[in-house]
Amino acid sequence: MGGLAAAAIALTSAPASALGRDSAVSPQPGQRVVPAGRLSEVSLRDVALLDSRYRQNMERTVAYLRFVDPDRMLHTFRTNVGLPSSAEPLGGWEAPDVQLRGHSTGHLLSGLAFAAANTGDADLAAKSRYLVAELATCQAASPAAGYTSGYLSAFPEEAFVGIEAGRNFWAPYYTIHKILAGLVDQYVHLQNEQALTVAEGIASWVDARMTPLADDHRQRVLKIEFGGMNESLADLYAITKNPDHLRLAQLFDEAVFYDPLAEGRDVLSGRHANTDIPKAVGAVAEYVATGDTRYRKIASFFWDQVVHHHSYVIGGNSNAEFFGEPDQVASFLGENSCENCNSYNMIKLSRRLFLLDPSRSDYMDYIEWTLLNQMLGEQDPDSEHGFVTYYTGLSATSSRKGKEGLDSAPGSYSSDHDNFSCDHGSGMETHTKFADSIYFTEPDAVWVNLYIPSELRWRDGTLRLRTSYPYDERVVLDVETSGRFAIKLRIPSWVRGRNAAVVKVNGRVEERSTGGSYVTVERSWQRGDRVEVQLPMDVTWLTAPDNPAVQAATYGPLVLAGRMGTDPLPTIPVVDPGTLLPRGGHDYTLDVDGRQVVLSPFLDVHHEHYNVYWAVPPKKQGPKVIASYGFDERDGTAREARRRRADAELVDGAVREPRGGGNAVLLDGAGGHVRLPEGLLSGLQELTVSVWTRVDVLVNNSHVFNFGFNPNSYFFLNVRTGANRARVALKLSGMEREDFIDADGPLPEARWTHVAVTLGPDGGRFYLDGSLRGHNAALQMSPLLLGATQHNYLGKSQSPKHPYLTGAVDDLRIFGRALDDAAVQGLFSGTNGRDR
Ligand SMILES: [Zn+2]
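Residues numbered from 1 in each chain as written. Predicted model: local features only at pLDDT ≥ 70, side-chain atom pairs only at ≥ 80, totals over all residues. Heavy atoms only, no water.

Caption draft 1: Up close: helix α11 (residues 255-262). Listed as buried for α11 are F257, Y258, P260, L261 and A262. The elements touched by buried residues of α11 are α9 (229-240), α12 (273-290) and α13 (293-309). Immediately downstream of α11, the backbone of G264 shows phi near 75°, a positive value. (Buried < 20%, exposed > 50% of the residue type's maximum accessible area, 1.4 Å probe, protein only. Helix = DSSP H or I, 4+ residues; strand = E, 2+ residues; numbered from the N terminus. Contact = heavy atoms within 4.5 Å.)

Caption draft 2: Region of the structure containing the packing of aromatic side chains. A complete count under the given rule lists 37 aromatic pairs for this structure. Taken together, a centroid distance of 4.9 Å and an interplanar angle of 65° make the contact between W447 and Y518 edge-to-face. One end of the pair, W447, is in strand β6 (residues 445-448); the other, Y518, is in strand β13 (residues 517-525), and 71 residues separate them in sequence. The exposure class of W447 is buried, given its relative accessible area of 1%. Each residue in the set Y147, Y151, F155, F160, F169, Y173, W205, F226 and F252 is aromatic and connected to the rest through ring pairs, giving one cluster. Above the face of the Y174 ring, K178 is positioned so that its terminal group lies 4.1 Å from the ring centre. Geometry around F257 places K279 over its ring, the cationic atom sitting 5.1 Å from the centre. (Phe/Tyr/Trp six-rings, centres within 6.5 Å; stacked < 30°, edge-to-face > 60°. Lys NZ or Arg CZ within 6 Å of the ring centre and 35° of its normal.)

Caption draft 3: Just the pattern of salt bridges, in detail. Per the stated rule, a full pass over the model turns up 51 salt bridges. The closest approach of N and O atoms between R294 and D259, which form a salt bridge, is 2.6 Å. Of this pair, R294 sits in helix α13 while D259 is found in helix α11, placing the two residues 35 residues apart along the sequence. Taking the shortest distance from any N to any O, the salt bridge between R459 and D444 comes out at 2.9 Å. With R459 in the loop between β7 (454-458) and β8 (461-467) and D444 in the loop between β5 (439-442) and β6, this residue pair connects regions lying 15 residues apart in the sequence. Judged by its relative accessible area of 37%, R459 falls in the partly exposed class. Of the residues examined, D444 reaches a relative accessible area of 48% and is grouped as partly exposed. One network of salt bridges, with partners in common, ties together E455, R464, R466, D478 and R530. (Salt bridge = Lys/Arg side-chain N within 4 Å of Asp/Glu carboxyl O.)

Caption draft 4: Inspection of the nonpolar core at higher detail. With 229 residues, the main nonpolar core has F302, Y613 and F715 as its most contacted residues. Those residues in contact with Y613 that sit more than four places away from it in its chain are Y312, V313, V329, L333, L394, V550, Q551, A552, I572 and P573. Counting 15 residues, the second-largest nonpolar core is a separate cluster that includes W541, L560, L590 and V616. (Core = buried A, V, L, I, M, F, W, Y, C linked by side-chain atoms within 4.5 Å.)

Caption draft 5: Geometry of helix α10 (residues 243-250). Within α10, burial applies to H245, L246, L248 and A249. Each buried residue of α10 sits inside an arc of 160° when the element is viewed along its axis, so together they form one side. Along its buried surface, α10 packs onto α7 (193-210), α9 and α12. Its side-chain oxygen 2.9 Å from the backbone nitrogen of D244, N242 forms the N-cap of α10. (Arc of directions from axis to C-beta. Polar contact = N/O pair within 3.5 Å; in protein donor to acceptor, adjacent residues only side chain to side chain.)

As structure tokens, then:
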């Protein structure tokens, strides 16, 4: 046994460093320093996965890599250069008439490289060599087919002539990137020299196409999704040291994306997420190649913004593939949130950033959390070939569907030869390289980053990691080598509060630590020494940034999801966290509208509808009057009567107009509106909105008030719909339909009208001049879901398509409960005191 007295234990504290301030270096953007990545990656050959969910997922994907027909994967490459092919054409995104064809063959090269290296399987290596050799033959035939030398693709080169001329084509450089990345992976992991030669040929073709273009012309070409061209070319440079390869990588630096990130500005809203994420990955590769810290700032700022301001609780990002505004989460849900490719690429980005700055354990926390809560679960455990979903939807209507999905609709799984979506492709990579980040090494230290059962070959022996984590709190590391070195163990950031993690060596407690750091155990190790890490798990409810009442239940590192079977919820239900009770195994039950719903770790929920976010009422209800704006001031600022809320602002063409003894707000229909403070309705389970309005010109779809987040999450009053009725509507992104209450006609024109809307336990009521004009007893959406609304207006809609109100507004009051008929009548007739 080793001498415990000699053991030195250090706690590497790793606070999340401020953006742009790296722990190792603090240069200015643009300054050149030699990147000092001190960690070494471990070859996939030196890590073996032991049985676990990770290994089971990998085995299913490897079964697919064995199964998939290489000649079918080569068919369009061959026909593109006039070589014979009798293979049956593929379907889906690889069909001979689909512009993205060829991308999956690139993913296959990467997946085969990872799997062959990691398992040592000779068949996978042979299949790899066959594909590379046949692609080399296709590339060699390019000039005879009339293409530029080095061209290797499954579609004609005219695609590139087209995008240079400003015509549309579906992401041709994206496809080239997948092939180039696959070839680089074949060289790096299997030392296939022919793959390197073919990759260099592609680079020379890129040179011929891109170098002659003027800078602004090239920037226009970069508007079309190009994957990680800069990443793979910079990786190629790292191998060849050919300066042309680095220069070519930098030709793919897109200014409109990089410039604001370098300045620390988040302009991601409305941008296609998986077009952008690989550019940030490429920026790290270019930083490593050049030492230019501007690249590093771009990548690290992007990572921080995406992870902390654009990600859902499972680690994924984007809704319908696009980024939303920062911190919109509960208000930005859908069945097609969280494209799985995005998280594949964010994991890649996290890994590269961690290698540069291992004090940032949050990069590794992100990888673990996203693997557990999104990537493992994207794969159908009942599919022998590891089929995956395209998105991981997070609205209450979301599902992981049947066993064979033949399209890329939300929630359906991919298939053998008829899907080939981008996510089918990145799935071939995700599930074959779980071994690539478990360990990193230094000469005298091993970093244990991910608690994935595995065996590392290191020095003259092994380290064996045994655990059922995340279903078990205990991780064991058997040391089967000797000598003096440090073992660094990541304590995940979810370990918090009273329950510290405990690290033991040979049964003796060495260290207690809260999460968000690595514990270092350095000593002279003997074969047979054993390290144990205890990671105490608890149920924790995590809140959405845009609505503290919207929460997800987690247990340790696992997000829990409600199993909804064939009956999806219409929207996020209101629940009491106190009714979440252990059910045995890793499951819980939760009372949802009187029904006992089973919650399981999300990665285990398949072939049914599920729900991840829940509305949790705050303990204390708000005061009766939440806010009251009389608009009697003379300037552009309107004060809340008791200063309980921030001021409102009269914007653009909004001016004062005398009314009674005070003032009202006149709106010009051309941009004039009142901007109310954020979070006006936060935490309310019921409410009343009371406001006076005068509609001077009745225009369809102009709004008296609109409280919300974006065009899909709102609560508004429309003066007139196409059906000639005034309408109150409520919707949260992800709800299939909006809840609404219609009056029996439009708002009156050219006279002051009192409007009141109440939302309460018996539904919603809509009053005009004190009388009830509409009632919906079956509202599906709780006012709780309105939460910390970011855009609250009078006279303006969330949607830029809707006209502004032409008219006037006055005396807005919001109450924290649904007033009854008499109280609403009192508001209208003025007997109800302003600040009651
Ligand atoms: Zn995708």
